[in-house]
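An overview of the molecular structure
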Amino acid sequence: MDGQGKDKEGGNGAGGESDHGDVVATAFVEYYYHTFDTNRAALAALYGHSSMLSFEGDRVAGAEEIGRKLAGLPFEQCRHVVCTVDCQPTPSFPGGILVFVSGNLQLAGEEHQLRFSQMFQLVPNVHGSFFVQNDIFRLNYG
């Protein structure tokens, strides 16, 4: 990866491993937020037994607990609009990808959108796919 950000319309111009990371990150981000907005309970399948989530400072671990946390958030409907996606390889997890997302979140019945940032560490699993090892979410105020 060359460290340059990628907006939702285009790539960062790097080749090889970077292109693979970009493709995986983009596909993951599209799937994650679509699923969050339409069937939040299904997100638990993206995590593993060792996964960790920090949501606005509240930490939970394991796919079941993460699924419960996400399903129990105090709103029923929302819509995410992704503005930027940045990714890098993670040498500590060979084949892993660190994904940083910024965007806006529209809650049903609310007039104003909320800005958010979210980081995912995607790690390869034994099935040749990825799972979310780490997930950190924060609203951005100010």
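My aim in this report is to walk through the structure given alongside it, one point at a time. Treat the numbers as computed from the prediction; the structure is a model and nothing was measured. (Residues numbered from 1 in each chain as written. Predicted model: local features only at pLDDT ≥ 70, side-chain atom pairs only at ≥ 80, totals over all residues. Heavy atoms only, no water.)

1. What about the environment of histidine 80?
Note that histidine 80 resides in strand 4 (residues 78-90). Using a relative accessible area of 10% as the deciding quantity, one classes histidine 80 as buried. Counting along the chain gives 36 residues from histidine 80 to phenylalanine 116, while the straight-line C-alpha distance between them is 9.2 Å. Once residues lying within four places of it in the same chain are set aside, the contact partners of histidine 80 are Tyr33, Phe36, Asp37, Asn104, Leu105 and Phe116. Engagement of the side chain of histidine 80 in a polar contact is seen with the side chain of aspartate 37, the distance being 2.6 Å. (Helix = DSSP H or I, 4+ residues; strand = E, 2+ residues; numbered from the N terminus. Buried < 20%, exposed > 50% of the residue type's maximum accessible area, 1.4 Å probe, protein only. Contact = heavy atoms within 4.5 Å. Polar contact = N/O pair within 3.5 Å; in protein donor to acceptor, adjacent residues only side chain to side chain.)

2. A closer look at empty space enclosed by the protein
If you walk through the whole model with that rule in mind, you get one cavity of 30 Å³ or more. Lining the largest cavity, in full, are Tyr32, Tyr33, Phe36, Phe55, Leu70, Phe75, His80, Leu105, Gln118 and Phe137. Classifying every residue of the lining of the largest cavity gives eight nonpolar, two polar and no charged. (1 Å grid on protein atoms, 1.4 Å probe; cavity = no way out; pocket = protein on both sides within 12 Å on 5 of 7 lines; lining within 4 Å. Points joined across faces, edges and corners; volume = space filled by probe spheres on them. Nonpolar A, V, L, I, M, F, W, Y, C, P; charged D, E, K, R; others polar.)

3. A closer look at the packing of aromatic side chains
Scanning all chains against the criterion turns up nine aromatic pairs. With a centroid separation of 4.8 Å and 80° between ring planes, the pair formed by phenylalanine 28 and phenylalanine 120 is classed as edge-to-face. Placement of phenylalanine 28 in helix 1 (residues 17-38) and of phenylalanine 120 in strand 6 (residues 114-124) is noted, with a sequence separation of 92 residues between them. For the pair phenylalanine 28 and phenylalanine 120, one class covers both residues: buried. Measuring from centroid to centroid gives 4.8 Å for tyrosine 32 and phenylalanine 120, while their planes differ by 65°, and the two rings are edge-to-face. A residue pair is termed long-range when its members are at least 10 positions apart, and tyrosine 32 in helix 1 and phenylalanine 120 in strand 6 qualify at 88 residues. Of the two residues, tyrosine 32 and phenylalanine 120, neither departs from the other in class, the shared state being buried. Here the aromatic cluster, defined as three or more aromatic residues joined through ring pairs, consists of Phe28, Tyr32, Tyr33, Phe36, Phe55, Phe116, Phe120 and Phe137. (Phe/Tyr/Trp six-rings, centres within 6.5 Å; stacked < 30°, edge-to-face > 60°.)

4. As for the environment of phenylalanine 55
Mapped onto the elements of the fold, phenylalanine 55 is located in strand 2 (residues 47-55). The buried category is assigned to phenylalanine 55, whose relative accessible area is 12%. Separated by 11 residues in sequence, phenylalanine 55 and isoleucine 66 place their C-alpha atoms 9.7 Å apart. Beyond its immediate stretch of four places on either side in the chain, phenylalanine 55 contacts Lys69, Leu70, Leu73 and Phe137.

5. With respect to the pattern of salt bridges
The full count for this structure, using the stated rule, is three salt bridges. Where aspartate 58 meets lysine 69, a salt bridge forms, and the shortest distance between an N and an O atom there is 2.7 Å. Taken as a pair, aspartate 58 in strand 3 (residues 58-61) and lysine 69 in helix 2 (residues 63-71) lie far apart in primary sequence, 11 residues in all. The shortest N-O distance in the salt bridge between glutamate 65 and arginine 68 comes to 2.4 Å. Of this pair, glutamate 65 and arginine 68 both sit in helix 2, separated by three residues, roughly a single helical turn. Among the charged side chains, a salt-bridge network with shared partners connects Glu64, Glu65 and Arg68. (Salt bridge = Lys/Arg side-chain N within 4 Å of Asp/Glu carboxyl O.)

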